[in-house]
Amino acid sequence: MSDAFAGAGPQGRPDDWHAYQRGRPDLDAPVDAPRPPAEPWAGGDSLVWTLGAGLVLLVVGALAGRADVAVLGAAPVLGSLWALWARPRGEAWVDVVRTPPVLGEPDRELTAVLRLAAPPGSEAVRLRVGRPGHAATEALVHVPTTRELTVRASSVRTGRQTLFAVDHQGIGRGAVLTGPAARAAGRQVVVLPQPREMPALPLPARLRGLSGQHESRRTGDGGSLRDVHPFQPGDTLRAIDWKVTARRSPQLEQLYVRRTMALAEAVVTLVVDSRDDVGPDPSTWSGMRPTRPDDATSLDLARQAAATIARGYLAVGDRVGVEDLGVLRRALRPGAGRRQLDRVVHQLAVLRPQGAPAVRLRPPRLLTGSLVFVFSTFLDREAADLVQVWARSGHRVVAVDVLPRLRAQGLDARERLALRMVRIEREDRLADVVAAGAELVRWGDPEAATRLQVMARRSHRRPGRAVGR
Amino acid sequence: VEIELDGAVPAAVLRLLPALLALACAGLVGGGSVVRVLALAGAVLLVWRPDWPVAPIMAVLTGLWVLAREDFAGGAEGPWRLAALVLVVHLLLRSAALAGHLSWRSEVERAVLGQVGRSVLGVQLLAQGLLLGAVWLRSSAGVGAGGGGEVLRIAAVVAVVVVTALVVPRAWSRR
């Protein structure tokens, strides 16, 4: 800092002033660059009235020769003068930074750190912290030039979320001076879905490739014993089972080899229906009323379900891709590995309804033999029709119903009637889906994980075959 | 939304504090039902609209009531009562100014209250020192008890001139 600004702090405490300058976020200039001193805070009505009352008492007491009256005005006058002399320069600053969630723990609240900076001479900073769906909270906090405060709000929502908006104003000594009020607008952050543990998952009708963690029905290397077979051209000599050969062909007229199962990988496509995002309260479906932040919407459930399933498959080396029914382009090609999980989770987090979706003339193209998970509310026909098309074309399809458990309390008679009709139509669609050969899992039910495990056990009993409905 | 604060006091306590201090002020100055009614009305106004200048007006009214009394600081308890009144009036003004920044649902950190308390203490030490000086002058020379206040008047005029010089912005005195 140059000499011209060395004494910029009104208190004559350069250390505090430097700390304040360093703590001011979001400035274009370099952090250590000198900045011109700002205007001192102006005295408000409170200062004028307090100082005026004190002066009146002093003058009246002096003119009347009454020390007991004059001394009553001494403290207000002294306090006001001190506040005037020590009035801060500049303004209070707030920067909101989201705290990353702890991996593996359910993300039930949104936390952020408020980085505060107040000019020297400030007695407190007045804060009003709010975010959509939550009531604002006000506080008067002590800020010794810089400080960090943790803010949290309960929220189970994922995807793009608005972080905390903070209205702030510095308060000078005696609470009779106030700095300029400012607002740190709530930033948009992407809240990633937290995948759950899933012990077992079903396998597709056909496994692909020559490597992986699953045993296919083909003969190959790496798997468990398939059979003992007479030696054929192409078999390696290391595969000859000499004990079996000696037992079955003592004269060595025929050699026998041990054949093993080939290993293969599963290809899983997660088809997420991002065209609607509805909460458990049907009265919010029109969009006129906001969904409560502690209510998980259908897209939140879809994100969590898809992330859980993606994690389960990617952990054993399978390939997972993402398709979005809300857009016509492919969202994410199938891939494997830890980084693919990050890509899948991020892709799921940024899915959201984007206006009226374009009309889809043909279903998204899927890899042959891929296992298809369709995450939808099935409130309209499109997702159900696609499920039926894929099931009839030979894919193993799991329809994951992500409609939250609905709350019908508070609905009037007409709304109840409308909800009943919607439910009837939806149940018909789901019945058609099951009739077409797809399997149905309701993610909102507690038995969803159990249902998936049962499906996994059936399919693992006969590797590579789609079994069990 | 929840803010992690290092010990917080509900603002409702601080919103009620000026009213209690106003009633305490009325109790200290004594007087009849008029004073009590005025104090009660002021207390209600302080709770309802702390941003209104009720506290400074009550401080001035308190001073005028003391002025109307013949010898407020006289007697054995007079100086103590005056010392308490100086403290209560100062606290009333400070707490009312602070309450003007608070809504009913907000919270105040204890560190803020500690800082307010320290600043009040510093100013009070000076004010009570002045009070001690006034009591000493009164007891030794009879100044300030209604007669022989020339010294105080001169000191007060000098003080007013100094205060005015400090308060008035310097730009006003430049051509």
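Everything below is about the structure printed above this text.
Keep in mind that this is a model prediction, so the values were computed, not measured.

**Student:** Go over the overall build of chain B, please, and point to the residues and values.
**Tutor:** Regarding its fold elements, chain B presents six helices and three strands. Mapped from its N terminus to its C terminus, chain B presents α and β elements in the order β-β-α-α-α-α-β-α-α. For chain B, the residues scored as buried account for 39% of the 175 residues in total. Considering only contacts within chain B whose residues lie at least 6 apart along the sequence, 75% involve residues at least 24 apart. Carbon and sulfur atoms make up 69% of the accessible area of chain B, which totals about 9,500 Å².

**Student:** A description of the overall build of chain A should follow, citing residues and the corresponding values.
**Tutor:** Across its full length, chain A carries nine helices and 17 strands. Looking at the 469 residues of chain A, the share that counts as buried comes to 52%. For chain A, the proportion of contacts with a sequence separation of at least 24, taken over those separated by at least 6, is 72%. Carbon and sulfur atoms make up 51% of the accessible area of chain A, which totals about 22,400 Å².

**Student:** Lay out the interface of chain B and chain A in plain terms, naming residues and giving numbers.
**Tutor:** Contact residues are listed per partner, giving 56 residues for chain B and 58 residues for chain A. Between chain B and chain A, a total of about 4,800 Å² is buried, with carbon and sulfur atoms accounting for 70% of that surface. The three residues of chain B that bury the most area against chain A are Val-1, Ile-3 and His-101 of chain B, which together make up 16% of that side's buried surface. Seen at the junction of chain B and chain A, the total is four salt bridges. Across the chain B-chain A interface, the total number found is 18 residue pairs in polar contact (both at pLDDT 80 or more). Within the residue set of the side of chain B that touches chain A, elements represented by two or more residues are strand S1 (2-3), helix H3 (54-68), helix H4 (78-99), strand S3 (107-109), helix H5 (110-141) and helix H6 (150-167) of chain B. If you tally residues by element for the side of chain B that touches chain A, the top one is H5 of chain B, at 12 residues. For the side of chain B that touches chain A, a count of residues per class yields 36 nonpolar, 10 polar and 10 charged. One ladder, built from two bridges, connects strand S5 (residues 146-154) of chain A with S1 of chain B; its direction is antiparallel. In the strand pairing of S1 of chain B, Arg-152 of chain A is matched with Glu-2 of chain B.

**Student:** Which residues make up the packing of aromatic side chains, and what values go with them?
**Tutor:** Residue and element names in this part refer to chain A. In total, this model carries three aromatic pairs over all chains according to the counting rule given. With a centroid separation of 6.0 Å and an interplanar angle of 55 degrees, the aromatic rings of Tyr-313 and Phe-373 are classed as tilted. Linking Tyr-313 in helix H5 (residues 298-315) with Phe-373 in strand S15 (residues 371-376), this pair joins segments that are 60 residues apart in sequence. We classify Tyr-313 as buried; its relative accessible area is 2%. Taking the relative accessible area as the measure of exposure, Phe-373 reaches 0% and is therefore buried. Aromatic rings pair up to connect Tyr-313, Phe-373 and Phe-375 into one cluster. Lying over the aromatic face of Tyr-256, Arg-248 brings its terminal NZ or CZ to 5.3 Å of the ring centre.

**Student:** Mind laying out the sheet that holds S15 of chain A, listing which residues take part and the relevant values?
**Tutor:** Residue and element names in this part refer to chain A. The strand order S14-S13-S12-S15-S16-S17 describes an open sheet built from six strands, whose pairing is mixed. What marks the edges here is a single partner per strand, and that holds for strand S14 (332-335) and strand S17 (439-442). This sheet shows a mean twist of 20 degrees between the axes of neighbouring strands, independent of strand direction. Packing against the sheet, helix H8 (residues 413-435) makes contact with strand S16 (396-401) and S17, and its axis sits at approximately 140 degrees to S17.

**Student:** Residues and numbers for H3 of chain B, please.
**Tutor:** For H3 of chain B, which comprises 15 residues, the first-to-last C-alpha distance of 21 Å matches the rise-based estimate of 21 Å (1.5 Å per residue) to within 8%. Within H3 of chain B the residues assigned to the buried category are Val-54, Ala-55, Pro-56, Met-58, Ala-59, Val-60, Thr-62, Gly-63 and Val-66 of chain B. On its buried face, H3 of chain B sits against helix H2 (45-64) and helix H3 (67-85) of chain A together with helix H1 (11-29), helix H2 (33-48) and H4 of chain B.

**Student:** Summarise the packing of helix H7 (residues 381-392) of chain A against H8 of chain A; cite the residues concerned and give the values.
**Tutor:** All names here are of chain A. Close contact between H7 and H8 brings their axes to 9 Å; oriented N to C, the two are set at 10 degrees. Judged by the angle between their axes, H7 and H8 are roughly parallel. Counting all contacts with H7, which are made through Arg-381, Ala-384, Val-387 and Gln-388, the residues of H8 involved are Arg-429, Asp-432 and Val-433. Looking at the contact of H7 with H8 residue by residue, the classes come out as three nonpolar, one polar and three charged.

**Student:** Can you tell me about a nonpolar patch on the surface, naming the residues and giving the values?
**Tutor:** All names here are of chain B. Among the surface-exposed residues, Leu-17, Leu-20, Leu-23, Leu-40 and Val-44 lie close enough to one another that they form a single nonpolar patch of about 440 Å² accessible area. With three residues, H1 is the largest single contributor of residues to the nonpolar patch. With respect to the secondary-structure elements, Leu-40 resides in helix H2.

**Student:** Describe unusual backbone geometry, with residues and values.
**Tutor:** All names here are of chain A. Notably, Thr-145 is not glycine yet its phi reads approximately 70 degrees, a positive angle. A relative accessible area of 10% places Thr-145 in the buried class. Phi is positive for Ala-175, close to 60 degrees, though the residue is something other than glycine.

Cut-offs and rules
Every residue gets a number counted from 1 within its own chain, in the order that chain's sequence is written. All chains are assigned letters beginning at A, and all ligands numbers beginning at 1, according to the order in which they are written. Restriction of local features to residues with pLDDT of at least 70 applies here, the model being predicted, together with a cutoff of 80 or more for giving and counting side-chain atom pairs; totals for whole chains, interfaces and linings are based on all residues. For side-chain calculations, the full set of non-hydrogen atoms in the structure is used, while hydrogens and water are omitted. The numbering of helices and of strands both runs from the N terminus, where a helix is a DSSP run of H or I of at least 4 residues and a strand a run of E of at least 2. Accessibility here uses a 1.4 Å probe with only protein chains present; expressed as a share of the type maximum, an area under 20% marks a residue as buried, one over 50% as exposed, and anything in between as partly exposed. Whether two residues are in contact is decided by their heavy atoms, any of which lying within 4.5 Å being enough. The Shrake-Rupley method, run with a 1.4 Å probe, gives the accessible areas here. Residue values count only the displayed protein chains as cover. By buried area we mean the combined loss of accessible area, with a 1.4 Å probe, across both parts when two parts are placed together. A carboxyl oxygen of Asp or Glu within 4 Å of a side-chain nitrogen of Lys or Arg is what we treat as a salt bridge. Polar contacts, as used here, are pairs of N or O atoms within 3.5 Å; protein pairs need one atom able to donate a hydrogen and one able to accept it. Residues neighboring in sequence count only if both atoms are side-chain atoms. Each residue gets one of three labels, nonpolar for Ala, Val, Leu, Ile, Met, Phe, Trp, Tyr, Cys and Pro, charged for Asp, Glu, Lys and Arg, and polar for the others, Gly among them. Think of it this way: DSSP has to see at least two bridges between two strands before they count as a pair. When two rings of Phe, Tyr or Trp (its six-membered ring) have centres within 6.5 Å they constitute a pair, described as stacked for plane angles under 30 degrees, edge-to-face for angles over 60, and tilted for the intermediate range. Here, a charge over a ring is recorded when the distance from Lys NZ or Arg CZ to the ring centre is within 6 Å and its angle to the ring normal is within 35 degrees. Axes here mean lines fitted to C-alpha atoms, for a helix over just the part in contact, with angles spanning 0 to 180 degrees between N-to-C directions. Under the convention used throughout, the expected extent of a helix is 1.5 Å for every residue step, that is, one less than its residue count. By the definition adopted for this analysis, an angle is roughly parallel if under 35 degrees, roughly antiparallel if over 145, roughly perpendicular if from 65 to 115, and oblique otherwise. Each patch is assembled from residues with relative accessible area greater than 30% and no salt bridge, linking like charges that lie within 9 Å and nonpolar side chains (Val, Leu, Ile, Met, Phe, Trp, Tyr) that lie within 5 Å.

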